Amino acid sequence: MNYWLMKSEPEAYSIVDLQQQSQTIWDGVRNYQARNFLRQMEEGDLAFFYHSNTNFPGIAGLMRVVKKDIADPSQFEPESKYYDPKSTSESPRWQTVVVEFVETFSNPILLSILKEKFSDEDLMLVRQGNRLSVMPVPEAVALKILAMKSHSLNNS
């Protein structure tokens with residue numbers, strides 16, 4: 001099993017939205033490196049749901065990959081802001097996954113805490129200038145993050 005971190009602005013789509021829907025397709029990723037990470041995901045992988053572009057950005061919960069290698073349907077929809085006229089159903093440029101809700105953390109693990117606990121070599125999220133919306137999380141780091149939410153270290 002691999003671990004990932006996937007960002008969404010809570011006003012656009014939040015962990016609460018995922019909890020209510022149970023599952024969703026993670027569409028609209030239009031960065032090639034992030035897309036390549038989506039292509040590497042396997043069913044059963046866990047992903048941290050990160051709320052970005054908010055007053056207190058941080059990891060809000062956990063989700064699981066339940067379907068992989070899906071052509072992102074928004075690339076074919078001319079009315080979508082994610083439309084890609086160069087993409088065809090025979091040769092889609094953008095793949096994604098379906099994720100399911102696992103849990104909401106009682107206290108989000110804030111970016112400020114993650115920066116204190118992890119170096120930019122440990123966790124891609126804390127690297128200066130990193131704006132990727134999808135990224136891998138090394139297993140050792142993922143287990144530490146899971147322990148942080150379990151032991152409420154994010155409040156210390």
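The rules behind the values
- Residues numbered from 1 in each chain as written.
- Predicted model: local features only at pLDDT ≥ 70, side-chain atom pairs only at ≥ 80, totals over all residues.
- Heavy atoms only, no water.
- Buried < 20%, exposed > 50% of the residue type's maximum accessible area, 1.4 Å probe, protein only.
- Helix = DSSP H or I, 4+ residues; strand = E, 2+ residues; numbered from the N terminus.
- Arc of directions from axis to C-beta.
- Contact = heavy atoms within 4.5 Å.
- Polar contact = N/O pair within 3.5 Å; in protein donor to acceptor, adjacent residues only side chain to side chain.
- Pairing = 2+ DSSP bridges.
- Axes fitted to C-alpha atoms, helices over the stretch in contact; angles between N-to-C directions.
- Core = buried A, V, L, I, M, F, W, Y, C linked by side-chain atoms within 4.5 Å.
- Phe/Tyr/Trp six-rings, centres within 6.5 Å; stacked < 30°, edge-to-face > 60°.
- 1 Å grid on protein atoms, 1.4 Å probe; cavity = no way out; pocket = protein on both sides within 12 Å on 5 of 7 lines; lining within 4 Å.
- Points joined across faces, edges and corners; volume = space filled by probe spheres on them.
- Nonpolar A, V, L, I, M, F, W, Y, C, P; charged D, E, K, R; others polar.
- Salt bridge = Lys/Arg side-chain N within 4 Å of Asp/Glu carboxyl O.

**Quick notes on helix 2 (residues 32-40)**
When we look at burial in helix 2, the residues that qualify are Ala34, Arg35, Phe37 and Leu38. Burial along helix 2 is one-sided: seen end-on, the buried residues are contained in an arc of 155 degrees. Where helix 2 is buried, its residues meet strand 1 (3-8), strand 5 (95-110) and strand 6 (134-137). For helix 2, the capping residue at the N-terminal end is Asn31, with a side-chain oxygen 2.9 Å from the backbone nitrogen of Gln33.

**Description of the sheet that holds strand 5**
Backbone-to-backbone hydrogen bonds join strands into a sheet, with any given pair of strands oriented parallel or antiparallel. Spatial ordering of the open sheet is given by 2-5-4-3-1-6, a layout of six strands whose pairing is mixed. Because the sheet does not close on itself, it has two edges, and the strands there are strand 2 (23-25) and strand 6. On average, adjacent strands in this sheet sit at an angle of 35 degrees to one another, irrespective of strand direction. Bridge count for strand 2 against strand 5 is three bridges, and the pairing is antiparallel. When the bridges of strand 5 are listed, Thr24 appears paired with Val99.

**Section: the nonpolar core**
Ranked by size, the top nonpolar core spans 44 residues in total, and within it Met6 and Phe48 carry the most contacts. Filtering out sequence-adjacent residues up to four positions away, Met6 remains in contact with Trp26, Leu38, Met41, Ala47, Phe48, Phe49, Tyr50, Met63, Val97, Val99, Ser133 and Val134.

**Some words on the packing of aromatic side chains**
Throughout the structure, instances matching the rule amount to four aromatic pairs. Ring geometry for Tyr13 versus Phe49: centroids 6.5 Å apart, planes at 25 degrees, classification stacked. Note that Tyr13 is positioned in the loop between strand 1 and helix 1 (15-21) and Phe49 in strand 3 (residues 46-51), a separation of 36 residues in sequence. Measuring from centroid to centroid gives 4.7 Å for Tyr32 and Trp94, while their planes differ by 25 degrees, and the two rings are stacked. Remark: Trp94 occurs in the loop between strand 4 (58-71) and strand 5 and Tyr32 occurs in helix 2; sequence separation between them is 62 residues.

**Topic: the layout of surface pockets**
Here the largest pocket defines a volume of roughly 920 Å³. Lining the largest pocket are 30 residues, with Lys7, Ser8, Glu9, Ser52 and Ser133 positioned closest to its centre. For the lining of the largest pocket, the per-class residue count stands at 12 nonpolar, 10 polar and eight charged.

**What about unusual backbone geometry?**
For Asn53, which is not glycine, the phi dihedral falls at a positive 50 degrees. Along the chain, Asn53 turns up in the loop between strand 3 and strand 4. Looking at Asn53, the relative accessible area reads 57%, which means it is exposed. The backbone phi angle of Asp69 is positive, close to 55 degrees, even though this residue is not glycine. Within the secondary structure, Asp69 sits in strand 4. For Asp69, a relative accessible area of 48% translates into the label partly exposed.

**Re the pattern of salt bridges**
Applying the stated rule across the entire model yields five salt bridges. When the shortest N-O distance is used, the salt bridge between Arg30 and Asp72 registers 3.1 Å. Placement of Arg30 in the loop between strand 2 and helix 2 and of Asp72 in the loop between strand 4 and strand 5 is noted, with a sequence separation of 42 residues between them. A salt bridge links Glu42 to Lys68, with the shortest nitrogen-to-oxygen separation between them at 2.8 Å. Of this pair, Glu42 sits in the loop between helix 2 and strand 3 while Lys68 is found in strand 4, placing the two residues 26 residues apart along the sequence. Given a relative accessible area of 35%, Glu42 falls into the partly exposed group.

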